[in-house]
Amino acid sequence: MSRNDETIILPRGRARFDPLDRPRLEYLDPQGLARQVSVSEAMLVGRGEDCGLRLHHELVSRRHFAIYPEAGRWWVRDLGSRNGTLINGRPIDRLPLEGVTTLQLGSDGPRIRVTLPERVPEAPASTSAEPLFRHYFADDRPGAMGEHTRFIRRFLHDEKRRQRRLYLGLIGVVLVLLAAVGGFALFQHQQLVETTRLANDIFYDMKELELQIANLEAGIAADASAGLKAQVAESKRRLLAMRERYETFVEQVQAARPIPLNTEDKLILHVARLFGETELDVPKDFAGEVKVYIRKWQSSPRLVRAIRRLNENRYAPMIARALSEQGLPPQFMYVALQETNFQPRAVGPPTRYGRAKGMWQFIPATAKRYGLQPGPLQHSGDYDPEDERHDVARATQAAARYLRDIYRTDAQASGLLVMASYNWGEGNIIKRLRQMPENPRERNFWRLLRDHKIPKETYDYVFYIVAATVICENPALFGFDFANPLASG
């Protein structure tokens, strides 16, 4: 090998490229002297003894890259070197050579300038059907290949096997991870389903206990014994513990939702809970339907005017107190909103049951049953100052007792059924309620809608009250400038 020209010999049995078409490699040796190599067949470059061009540098791998002909062109291919083969600072895998190309072995390693004449001949006819590079895999005749060709062939076979093992290993790891993630997701889903079931079971057990407490408290009026009072107190302690456990389960279920609830949806479910429905078991379209009625309130001045009347007359604290004394959520106050917009002098149209009068729209028979005396003008469409249904305080006390009786008996602690009953009347809805199973889990508003046809007026009545309650819990969220009427009630 001469000092300035190291020519690589072609393997036996292969046609040579014209010398004018051979790439020329220029580099500096360890002493800083310029060297050049003219390449006529495939060649390895690296630190190893099997390399046609050996470069002793710490950043150069034992087999760093190969330069070889294929399909009438010359190519350079990185051989999985530790520090990479770079062009203009960017690592390459395989690249055709044209003109002048500067290869760098590692970011701070030696540079090799590769010069290729512009004229590149067509691939030999004998290899036109199969790229020359594949020769190193297909030709098994020992005499048909040179020493460097055998090195490249052996190395590329080894490299293919190594990469195949690597890819299979990676695929195996990915499959194991996917199986683990899928298994964990399935486990989480099962846990979520079980937590939801437990939460619903606790909720309906709470409802039944609430009904028992309400009936016990109703019995205290007739039998105020210490034993009965102690039983009520113990039941209330149990109910408090069940509520805490239920709240924990609800938080776990909602935290596991793939799409978190927005503020409006959380508020709608909160109101459903206030009215005696579990937020984990409402129909999927419930929140959307409530929002329809929220938009109806937003498109009308009616709610603003009614709340102004409520606040100006300071009705809210009195109504909330009366409802709470009967063990009812103070949000039942909005029944009077839907009935009369909180107008004490309201008079309803004539019906076969007589005219409903007052803020709570009692008909004469129901008014008498709850201690209200209709006035001499009870059959008239006029306001009657002697009619106790127009007395806000007395009518509110009667309404609270009436709502409680529906709540703890026929409605089975379902606030939405209480509203429907109040609107449609005992003679219509209660007989349908009594056809349902006598337990809170199966006697609810959703079951009523599924099994019975109710008037649209009653359907609207319930959703207007629910939507108004949602708005009044956080008026600013929905664009209203009044405060929550119950915030200081």
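(A) Expanded view of the nonpolar core. Judged by nonpolar contacts, the single largest core of 80 residues is most densely connected at Phe332, Phe342, Trp360, Met419 and Phe445. Among the elements that take part in this core, helix H14 (residues 456–473) stands out by supplying eleven residues, more than any other. One finds Val60, Phe65, Ile67 and Val114 within the second-largest nonpolar core, a separate group that totals 21 residues.

(B) Quick look at the packing of aromatic side chains. Counted under the stated rule, the structure contains 15 aromatic pairs. Residues Phe286 and Trp446 carry aromatic rings whose centres are separated by 5.1 Å and whose planes lie at 75° to one another, so their mutual orientation is edge-to-face. Of this pair, Phe286 sits in helix H5 (residues 286–298) while Trp446 is found in helix H13 (residues 445–451), placing the two residues 160 residues apart along the sequence. A residue is classified by how much of its surface remains accessible, and Phe286, at 3% relative accessible area, is buried. One aromatic cluster is present, built from ring pairs that chain together Phe286, Tyr293, Trp297, Phe445, Trp446, Tyr459, Phe463 and Tyr464. Above the ring of Trp75, the side-chain terminus of Arg94 is found at 3.9 Å from the ring centroid.

(C) Structural context of helix H10 (residues 392–408). When the terminal C-alpha atoms of H10 are compared, their 24 Å separation across 17 residues agrees well with the 24 Å that a helix rising 1.5 Å per residue should span. A large share of H10 lies buried, amounting to twelve of its 17 residues. Among the residues of H10, those classed as buried are Val392, Ala395, Thr396, Ala398, Ala399, Ala400, Tyr402, Leu403, Asp405, Ile406, Tyr407 and Arg408. Where H10 begins, the capping side chain belongs to Asp391, and its oxygen is found 3.2 Å from the backbone nitrogen of Ala393.

(D) Here's a closer look at the pattern of salt bridges. The tally for this structure, following the rule as stated, stands at 16 salt bridges. For the salt bridge of Asp451 with Arg447, the shortest nitrogen-to-oxygen distance reads 2.7 Å. Taken as a pair, Asp451 and Arg447 lie in helix H13 at a separation of four residues, close to a single helical turn. Here Arg450 and Asp451 are joined by a salt bridge, their closest N and O atoms 3.0 Å apart. Because the salt bridges share partners, they merge into one network encompassing Arg24, Glu26 and Arg113.

(E) Highlighting the environment of Tyr27. Mapping Tyr27 onto the fold places it in strand S2 (residues 24–28). The class for Tyr27 is buried, based on a relative accessible area of 8%. For Tyr27 and Ile112, which are 85 residues apart along the polypeptide, the C-alpha to C-alpha distance reads 4.9 Å.

(F) The arrangement of helix H4 (residues 263–274) in detail. Spanning twelve residues, H4 covers 16 Å between terminal C-alpha atoms, matching the ideal 16 Å at 1.5 Å per step. Turning to H4, its buried residues are Asp265, Leu267, Ile268, Leu269, Val271, Ala272 and Arg273. The N-cap of H4, judged by a side-chain oxygen 3.2 Å from the amide nitrogen of Glu264 a few residues on, is Asn262. Downstream of H4 by a residue or two, Gly276 has a phi angle that is positive, lying close to 90°.

Calculation rules
- Residues numbered from 1 in each chain as written.
- Predicted model: local features only at pLDDT ≥ 70, side-chain atom pairs only at ≥ 80, totals over all residues.
- Heavy atoms only, no water.
- Core = buried A, V, L, I, M, F, W, Y, C linked by side-chain atoms within 4.5 Å.
- Buried < 20%, exposed > 50% of the residue type's maximum accessible area, 1.4 Å probe, protein only.
- Helix = DSSP H or I, 4+ residues; strand = E, 2+ residues; numbered from the N terminus.
- Phe/Tyr/Trp six-rings, centres within 6.5 Å; stacked < 30°, edge-to-face > 60°.
- Lys NZ or Arg CZ within 6 Å of the ring centre and 35° of its normal.
- Expected span 1.5 Å × (residues − 1).
- Polar contact = N/O pair within 3.5 Å; in protein donor to acceptor, adjacent residues only side chain to side chain.
- Salt bridge = Lys/Arg side-chain N within 4 Å of Asp/Glu carboxyl O.

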